[in-house]
Amino acid sequence: NMQTLILMQDVPASGKSFYAELIKSGLERNGYTKVVITSADDFFLDINGQCVFNQALLSKAHNECYFQTETALLNGNSFVIVDNTNMKSGWVHRYKQLARKLNVDLQVVHTYTIPEVCKRRNNERQYGKALSETVMNKFISMTSDNLTL
């Protein structure tokens, strides 16, 4: 009956959402019925499912994702997958504290996608979700840091 909190981690457009869905479907195929994915990106979806990103609201989006993650765990979901970049130590620390508080396992899944692939994928993203080259380079420069716990 142990619960697991999984943090996806890597730069934008690295494939985190793809792998989060792959993990979720694999768990479900193996009989786990209570698997949830939370994401700060969901905060920016309009009623048509299109991303309307607003940098000024990013902190609010992360707080909402954290709240949804905590709620999903409190509701007894076996696995909760946080599909964010989780590149800043403060973001990871909050989830680490949550896992301790709720006594759930914590795993970090880092996709290790090469920067050129992330940049190409970012440029191919739908309008509103693609990040500027400056922002992408900032995230990519963070990959040399110690990203996990």
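Our structure is the block above this text.
Residues numbered from 1 in each chain as written. Predicted model: local features only at pLDDT ≥ 70, side-chain atom pairs only at ≥ 80, totals over all residues. Heavy atoms only, no water.

> So what's going on with unusual backbone geometry? Which residues, and what values?
One non-glycine residue, Asn103, lies in the positive phi region at around 55 degrees. Residue position: Asn103 is located in the loop between α3 (89-102) and β4 (105-110). Owing to a relative accessible area of 60%, Asn103 belongs among the exposed residues under this scheme. One non-glycine residue, Tyr112, lies in positive phi territory at about 50 degrees. Tracing the chain through its elements places Tyr112 in the loop between β4 and α4 (115-124). Looking at Tyr112, the relative accessible area reads 66%, which means it is exposed. (Helix = DSSP H or I, 4+ residues; strand = E, 2+ residues; numbered from the N terminus. Buried < 20%, exposed > 50% of the residue type's maximum accessible area, 1.4 Å probe, protein only.)

> So, the sheet that holds β4: which residues are in play, and what are the values?
In space, the four strands of this open sheet follow the order β2-β3-β1-β4, with parallel pairing throughout. Each having just a single partner strand, β2 (35-38) and β4 make up the two edges of the open sheet. Ignoring strand direction, the axes of neighbouring strands in this sheet form an average angle of 20 degrees. As paired elements, β2 and strand β3 (residues 79-82) share four bridges and run parallel to each other. If you follow Thr38 over to β3, its bridge partner there is Val82. Set on the sheet, helix α2 (residues 58-74) makes contact with β1 (4-9), β2 and β3; between it and β3 the angle comes to about 170 degrees. Strands β1, β3 and β4 of the sheet are contacted by α3, whose axis makes an angle of about 170 degrees with β1. (Pairing = 2+ DSSP bridges. Axes fitted to C-alpha atoms, helices over the stretch in contact; angles between N-to-C directions. Contact = heavy atoms within 4.5 Å.)

> I'd like to hear about the pattern of salt bridges, residue by residue, with values.
Summed over all chains, the structure comprises three salt bridges. Note that Glu70 is salt-bridged to Lys101, the shortest N-O span being 2.7 Å. Of this pair, Glu70 sits in helix α2 while Lys101 sits in helix α3, and the two are 31 residues apart along the sequence. Under the relative-accessibility criterion, Glu70 is labelled buried at 15%. (Salt bridge = Lys/Arg side-chain N within 4 Å of Asp/Glu carboxyl O.)

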